[in-house]
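Tertiary structure, described
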Amino acid sequence: MKKTIRDVDWAGKRAVMRCDFNVPLDGDVITDDIRIKAALPSIEYLLENGASIVLMSHLGRPKGEPKPEFSLAPVAKRLSELLGKEVKFVPSDDVVDDNVKAAAAELKAGEAMLIENVRFKAGETKNDPDFAKDLASLGDIFVMDAFGSAHRAHSSTAGIADYIPAVSGFLIEKELKFLGEAVNDPQRPFAAVMGGAKVKDKIPVITNLLDKVDILIVGGGMVYTFFKSQGYSIGKSLLDEEGLELAGDIMKLAAEKGVKFMLPVDVVCADEFSNDSPYATYDVDEIPDDKMGLDIGAETIKLFTDALKTAKTVVWNGPMGVFEMDNFAVGTKAIAECLAEIDATTVIGGGDSAAAVAKFGLADKMTHISTGGGASLEFLEGKELPGIAVLDDK
Ligand code: ADP
Ligand code: MG
């Protein structure tokens, strides 16, 4: 178990806290502050328990140079409003300089400040030890709470922990609890629903989950590569040539491991990749040459949801169809509604899957929606994330 902010006596201590304030901006207006709001419980906990905080984050891709359009200044302003107390912004083109160090040293218990975008410094993404040491010099204890960046070994996510103790904030604690328990200690039957576009991207996840799940359901754009590997014609559907052999291997492996492996039996096909295109449902061995599969069919929905209703734990990664187009969102919506209703632990990983669940208004019906797209994928692959590995053990 990794230490969290609950395991520290914060009185008189200064936290250096890595948040995910990578918010969408229109000029200097924050168009969605959900990530700032998500950080509040950890920040408030620290301040209420007698700590002061130096906050840090990346924003966008300034590529190692100070670029005003990626400044965190608007975040400090919004954070101050949300917290109801001033979060001082202490900018520097070097991110950390003598002025920043002095401001950190002057912080009193219950006060917080924000430093400039850590990616203004080229050393950040190189996990440069000197930059990590500079960041560590700003406080006594490192608090990692940016799950979306935990799969990166950068100075502010990993390197800093070489110099000061490291614990997680509440966001990472929650990710580890739900993603970790689902994957490593699931209530059974344990089902995984995999979808999305490319087989190649998801192979490591599927391979890792095959060792753990009882049921593996595959939908989305990657099924056509599986169908092709079985000798079916797939018309103009998505094909991942590089994934063809792997698709065959996966089906063999699933059979060897006794995993119930489920592919669609019918699919919704269109003439073109467009919501305006005419469409119809076909059995998977009858896809016409001039059509492309964009969603799972009604029989498949029944088959998949019947299987999911038996599960006690479900991990879902990847939409069942092109959910961005209403005509091809039916399968994804049906799976989301099923997960919302069943009496099981439901964990959503993957940026597009999370977006789909939100689009259908079902986000609060899931047990956990992971906030890190790439990070949750790597977690599901069974990889140890650098930003988690550096945390102190209990
Ligand atoms: P996640 O972000 O949840 O991991 P992915 O990025 O792997 O998911 O995949 C999401 C994308 O897959 C969506 O943009 C969706 O439109 C696309 N997709 C799903 N089914 C199909 C399909 N049949 N043909 C083409 N693209 C598809
Ligand atoms: Mg995606």
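Structure: above.
The residue count restarts for each chain, going from 1 along the sequence in the order it is written. Here the convention is simple: chains get letters from A, ligands get numbers from 1, in the order in which they are written. Restriction of local features to residues with pLDDT of at least 70 applies here, the model being predicted, together with a cutoff of 80 or more for giving and counting side-chain atom pairs; totals for whole chains, interfaces and linings are based on all residues. Water and hydrogen atoms were dropped before computing side-chain values, which therefore reflect all heavy atoms in the structure.

Considerations on the sheet that holds strand β11 (residues 260-262)
To keep it simple, the criterion reads: By definition, two strands form a pair when at least two bridges between them are found by DSSP. The helix and strand labels rest on DSSP assignments: H or I over at least four residues marks a helix, E over at least two residues marks a strand, and numbering proceeds from the N terminus. Should any heavy atoms of two residues lie within 4.5 Å, those residues are considered in contact. To get an axis, fit a line to the C-alpha atoms, keeping to the stretch in contact for a helix; angles then go from 0 to 180 degrees between the N-to-C directions.
The strand order across the open sheet formed by six strands is β11-β10-β9-β15-β16-β17, and the pairing between neighbours is parallel. On the outer flanks of this sheet lie β11 and β17 (368-369), each paired with one strand and no other. Of the strand pairs in this sheet, strand β9 (residues 190-194) and strand β10 (residues 215-218) are connected by four bridges, and their pairing is parallel. Pairing of M194 across the sheet is with V218, part of β10. In the packing of helix α9 (residues 298-308) onto the sheet, contacts are made with β9, β10, β11 and β15 (313-317), and the angle to β10 comes to roughly 155 degrees.

Quick word on the site of ligand 1
To be explicit about the condition: What makes a residue near a molecule or strand is one non-hydrogen atom of that residue sitting within 4 Å of it. Polar contact criterion, stated in full: a pair of N or O atoms within 3.5 Å, where within protein one must be able to donate a hydrogen and the other to accept it, and residues adjacent in sequence count only if both atoms are side-chain atoms. Here the nonpolar group is Ala, Val, Leu, Ile, Met, Phe, Trp, Tyr, Cys and Pro; Asp, Glu, Lys and Arg are the charged ones; every other residue, Gly included, is treated as polar.
Around ligand 1 sit 19 residues in total, of which K202, G293, E324, D352 and S353 are the nearest. Interatomic distance of 3.4 Å between a backbone N/O atom of A197 and an oxygen atom of ligand 1. At 3.3 Å from an oxygen atom of ligand 1 is found a main-chain nitrogen or oxygen belonging to G351. Secondary structure elements with two or more residues in the shell around ligand 1: β14 (292-296) and α11 (351-359). The biggest single contributor to the shell around ligand 1 is α11, with three residues. Of the residues in the shell around ligand 1, the class split is six nonpolar, ten polar and three charged.

Brief notes about the packing of aromatic side chains
To keep it simple, the criterion reads: Here is the rule: rings of Phe, Tyr and Trp (six-membered ring for Trp) pair when centre to centre is within 6.5 Å. Planes less than 30 degrees apart are stacked, more than 60 are edge-to-face, and the remainder are tilted.
On inspection of all chains with the given rule, the structure shows five aromatic pairs. A centroid spacing of 5.7 Å and a plane angle of 50 degrees characterise the contact between F226 and F261, whose relative ring orientation is tilted. In this pair, F226 is assigned in helix α7 (residues 223-229) and F261 in strand β11, connecting sequence segments 35 residues apart.

Describing the nonpolar core
As a reminder of what qualifies: The term nonpolar core refers to a set of buried residues drawn from Ala, Val, Leu, Ile, Met, Phe, Trp, Tyr and Cys, joined through side-chain atoms within 4.5 Å. Working definition: with a 1.4 Å probe on protein chains only, accessible area under 20% of the residue-type maximum means buried, over 50% means exposed, and in between means partly exposed. Each domain span listed reflects an automatic or database assignment of domains.
Ranked by internal contacts, the top residues of the largest apolar core, which has 69 residues, are M113, I115 and L216. At six residues, the largest contribution of residues to this core is made by helix α6 (residues 199-210). For this core, the domains that each give at least three residues are domain 1 (5-170) and domain 2 (177-380). If sequence neighbours within four positions are ignored, I115 has contacts with V54, L55, M56, L72, F89, V90, V95, V96, V100, L135 and L138.

Digging into the sheet that holds strand β8 (residues 166-168)
An order of β5-β6-β4-β1-β7-β8 is seen for the six strands of this open sheet, with the pairing classed as parallel. Each edge of the open sheet is held by one strand with a lone partner, namely β5 (87-90) and β8. Taking the axes of each pair of neighbouring strands and ignoring which way they run, one obtains an average angle of 25 degrees across the sheet. Taken together, the four bridges between strand β1 (residues 14-18) and strand β7 (residues 141-144) define a ladder with parallel strand orientation. Along β7, the bridge assignment pairs V16 with F142. Across the sheet, helix α1 (residues 34-48) lies against β1, β4 (52-56), β6 (112-115) and β7, angled at about 175 degrees from β1, the strand it touches most.

Re the packing of α6 against helix α8 (residues 244-257)
Rule in force here: By definition in this entry, angles of less than 35 degrees are roughly parallel, angles greater than 145 are roughly antiparallel, angles of 65 to 115 are roughly perpendicular, and the rest are oblique.
Between α6 and α8, the shortest axis-to-axis distance is 10 Å and the interhelical angle comes to 10 degrees. Looking at the two axes, α6 sits roughly parallel to α8. Here α6 contributes I203, I206, T207 and L210 to the contact with α8, which in turn contributes L246, I250, L253, A254 and K257. Across the contact of α6 with α8, the residue classes tally to seven nonpolar, one polar and one charged.

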